[in-house]
Amino acid sequence: MSSFDEFAEIVKRDESLAPYTWLKLGGPAQYFIEPRNVDELVRVVQVCCEQGISVRVLGGGSNVVVRDEGVSGAVLRLSHPSFAEVRIDGNRVTARGGALLSHVISETVRAGLSGFENLAGIPGTIGGALHGNAGGRHGEISQYVRKVTVLTASGDKLVRTEDELLFDYRQSNLDELLILEAEFELQPDSPDEILQRLRKIWITKKASQPLSSQTAGCIFKNPRGERAGQMIEKAGLKGTRIGGAEINERHANFIVTHEGASSSDVLRLMDLVRSKIADQFGVHLEPEVKIW
């Protein structure tokens, strides 16, 4: 009996991951699985653990580069509406890990709760945002989190309270398999004032970032005391292109892809940038995107 016979309705074999990523690139997943509820998700993870099948979790696909050859093992995608629920009780917001960050921002603004508007323009899901402590110059998601429910690689559910959570620049200690749910505490404020701040942040980002292009967001983390985009620009790399991948003219820490691009083009361009920055500034740039 095949490992996934009991999940025939939700498993696809050798499914291309390109359509599920913002870059629209990447090869197939050996097993591509979209569970319909938490119980089914837990069972899938348990079977993978029992069978020794590696598991990856694909969120919004905005912060990942999937290699052209694809990935072995199982890729889980929490696309069912049951993984995107958002509940608001007073100034407490509970969001499932598969909820889009943009949707949670809209719901909190509508409820007159301030904080999440500072994350405007950041793509992806709540789970991915927490794992990588998403944020920018206006704040980070870790400022608001109070409790996180996670699922381990063996299929166990755990609750991580605020005193157990550690966050730093673009990282956290939420290293379990995936985030099922998180609770946040926000501050009441006038919906009109929150919306005004939201629009201001959005306009600023739209003017400086290629939000309408195929991109994976910022490619490199900012080195301490520096901005990766400024360093790449100073190195004269804006507009540099390998195959169908190009360093954006508007913001140098973004790589955009054109028709015919491959993941190999993106990875080669990243290697070129890192080499040039190391030679010119003696700085090692770390990828902000995940490379599968």
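Look above for the structure.
The rules we used
Residues numbered from 1 in each chain as written. Predicted model: local features only at pLDDT ≥ 70, side-chain atom pairs only at ≥ 80, totals over all residues. Heavy atoms only, no water. Helix = DSSP H or I, 4+ residues; strand = E, 2+ residues; numbered from the N terminus. Rg over C-alpha atoms; globule rule 2.2 N^0.38 Å. Buried < 20%, exposed > 50% of the residue type's maximum accessible area, 1.4 Å probe, protein only. Contact = heavy atoms within 4.5 Å. Lys, Arg positive; Asp, Glu negative; His and termini not counted. Charge placed at Lys NZ, Arg CZ, Asp CG, Glu CD. Phe/Tyr/Trp six-rings, centres within 6.5 Å; stacked < 30°, edge-to-face > 60°. Pairing = 2+ DSSP bridges. Axes fitted to C-alpha atoms, helices over the stretch in contact; angles between N-to-C directions. Disulfide = S-S within 2.5 Å. Expected span 1.5 Å × (residues − 1).

K.L.:
With reference to specific residues and values, describe the overall build of the chain.
P.N.:
Per the secondary structure count, the chain includes 6 helices and 21 strands. In summary, the chain has a C-alpha radius of gyration of 20 Å against a globular reference of 19 Å for 292 residues, a match within 12%. With respect to the three principal axes, the spread of C-alpha positions in the chain is 55 × 50 × 30 Å. Counting the 292 residues in the chain, one finds 50% classified as buried. Contacts in the chain between residues far apart in sequence, at least 24 positions, make up 64% of those at least 6 positions apart. Taken together, the 34 basic and 39 acidic charged side chains of the chain have centroids lying 5 Å from each other.

K.L.:
Explain the packing of aromatic side chains residue by residue, including any values.
P.N.:
On inspection of all chains with the given rule, the structure shows 5 aromatic pairs. Between Phe4 and Phe7, the ring centres sit 6.3 Å apart and the planes meet at 50 degrees, which makes this aromatic pair tilted. There is no split in this pair, since Phe4 and Phe7 are both buried. An angle of 55 degrees between the planes, with centres 5.7 Å apart, marks the rings of Phe116 and Tyr144 as tilted. Of this pair, Phe116 sits in the loop between strand S8 (113–114) and helix H3 (126–131) while Tyr144 sits in the loop between strand S10 (139–140) and strand S11 (145–151), placing them 28 residues apart in sequence. For the pair formed by Phe116 and Tyr144, the shared burial category is buried. Grouped by ring-pair contacts, the aromatic residues Phe4, Phe7 and Tyr31 constitute a single cluster.

K.L.:
Describe the sheet that holds strand S2 (residues 28–33), naming the residues involved and giving the relevant values.
P.N.:
To summarise the sheet geometry, strands pair through backbone hydrogen bonds and adopt either a parallel or an antiparallel arrangement. Strand order in this open sheet of 4 strands is S1-S2-S5-S3, and the pairing throughout is mixed. Strand pairing shows two members of the sheet lacking a second neighbour, strand S1 (11–16) and strand S3 (55–58), which therefore form its edges. Neighbour-to-neighbour, the strand axes of this sheet turn through a mean angle of 35 degrees, independent of strand direction.

K.L.:
Please give an account of the state of the cysteines that cites residues and values.
P.N.:
All told, the structure shown has 0 disulfides when counted by the stated rule. Cys49 forms no disulfide, and the closest cysteine sulfur to it belongs to Cys48, at a distance of 8.8 Å. Cys49 sits in the partly exposed class, given a relative accessible area of 42%.

K.L.:
If you had to explain helix H6 (residues 263–281) to someone new, which residues and values would you point to?
P.N.:
Compared with an ideal rise of 1.5 Å per residue, which puts 19 residues at 27 Å, H6 spans 27 Å between its outermost C-alpha atoms and is within 8% of the ideal. Inspection of H6 places Ser263, Asp265, Val266, Leu267, Leu269, Met270, Val273 and Ile277 among the buried residues, and these make up the whole buried set. Summarising the contacts, the buried residues of H6 are in contact with strand S4 (64–65), helix H5 (228–234), strand S18 (241–242), strand S19 (245–247), strand S20 (254–257) and strand S21 (290–291). Backbone geometry just downstream of H6 places Gly282 in the positive-phi region, at approximately 70 degrees.

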